[in-house]
Amino acid sequence: MKIVFASTPSQEEEINGLVRYVYSNIFPLYYSDEEICEFKQLKVLRTPEDFNTLKDAFQVMTCIQTIISILESSPLDEQYEAVFDKNVATLQEFGLFFPFEFQQFVDVKRMKNTMLSIFTKADNELII
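No experiment lies behind these values; they were computed from the predicted model shown.

Cut-off values and rules
Residues numbered from 1 in each chain as written. Predicted model: local features only at pLDDT ≥ 70, side-chain atom pairs only at ≥ 80, totals over all residues. Heavy atoms only, no water. Phe/Tyr/Trp six-rings, centres within 6.5 Å; stacked < 30°, edge-to-face > 60°. Helix = DSSP H or I, 4+ residues; strand = E, 2+ residues; numbered from the N terminus. Buried < 20%, exposed > 50% of the residue type's maximum accessible area, 1.4 Å probe, protein only. Polar contact = N/O pair within 3.5 Å; in protein donor to acceptor, adjacent residues only side chain to side chain. Axes fitted to C-alpha atoms, helices over the stretch in contact; angles between N-to-C directions. Parallel < 35°, antiparallel > 145°, perpendicular 65-115°, else oblique. Left-handed = near helix turned anticlockwise from the far one by under 90°. Contact = heavy atoms within 4.5 Å. Nonpolar A, V, L, I, M, F, W, Y, C, P; charged D, E, K, R; others polar.

Whenever I open this one, the packing of aromatic side chains confuses me. Can you help?
The geometry of an aromatic ring pair comes down to the distance between the two centres and the angle between the two planes. Taken as a whole, this structure holds 14 aromatic pairs when the rule is applied. A ring pair is formed by Phe27 and Phe100, whose centres lie 5.5 Å apart and whose planes are at 55°; its orientation type is tilted. Remark: Phe100 occurs in the loop between α4 (81-93) and α5 (102-114) and Phe27 occurs in helix α1 (residues 9-30); sequence separation between them is 73 residues. For Phe27, a relative accessible area of 0% corresponds to the buried category. For the ring pair Phe100 and Phe105, a centre distance of 5.4 Å and an interplane angle of 55° mean the geometry is tilted. Considered together, Phe100 and Phe105 belong to a single accessibility category, that of buried residues. By the ring-pair criterion, three or more aromatic residues cluster together here, those being Tyr23, Phe27, Tyr30, Tyr31, Phe39, Phe84, Phe98, Phe100, Phe102 and Phe105.

Take a look at the structure:
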């Protein structure tokens, strides 16, 4: 007989919090608001209703935290590409849709640093 522990509600809340963090803190570093809205429509990082086991939930949390750490690093270090790819593959195994490759973030970061866009939020605004 094998005993399996189910994931807890607090773990699922933590996963949802990490997903919200990606949408509010990570994606804006790389993508426009319109693109982020498209990601929501495509259900990027939409979590399943529940995870089967405690271990599954911990793996998903760890993968998202690792991806966040890599994408927040400046500059993006290509030595972490294999780690990024492994974590994306693990997320997809658990049913989370994350259709990005490491190189996409590198390319967007390079382009965003060299060009200005009217769609990005201003760094400062005057209140009139």
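Is there a simple way to explain the side chain of Thr90 in this structure?
Inspection of the secondary structure assignment puts Thr90 in helix α4. Residue Thr90 is classed as buried on the basis of its relative accessible area of 14%. Within polar-contact distance, the side chain of Thr90 engages the backbone oxygen of Lys86 at 2.9 Å.

Where do I start with the packing of α1 against helix α2 (residues 33-41) in this structure?
The description of two helices packed together rests on the angle between their axes and the distance between the axes. Between α1 and α2, the shortest axis-to-axis distance is 10 Å and the interhelical angle comes to 130°. Here α1 is positioned oblique relative to α2, judged by the angle of their axes. Once α1 is placed against α2, the crossing between them reads as right-handed. Contact with α1, carried on its side by Tyr23, Phe27 and Pro28, involves Ile36, Phe39 and Lys40 of α2 and no other residues of that element. Its residues assigned to classes, the contact of α1 with α2 comprises 5 nonpolar, no polar and 1 charged.

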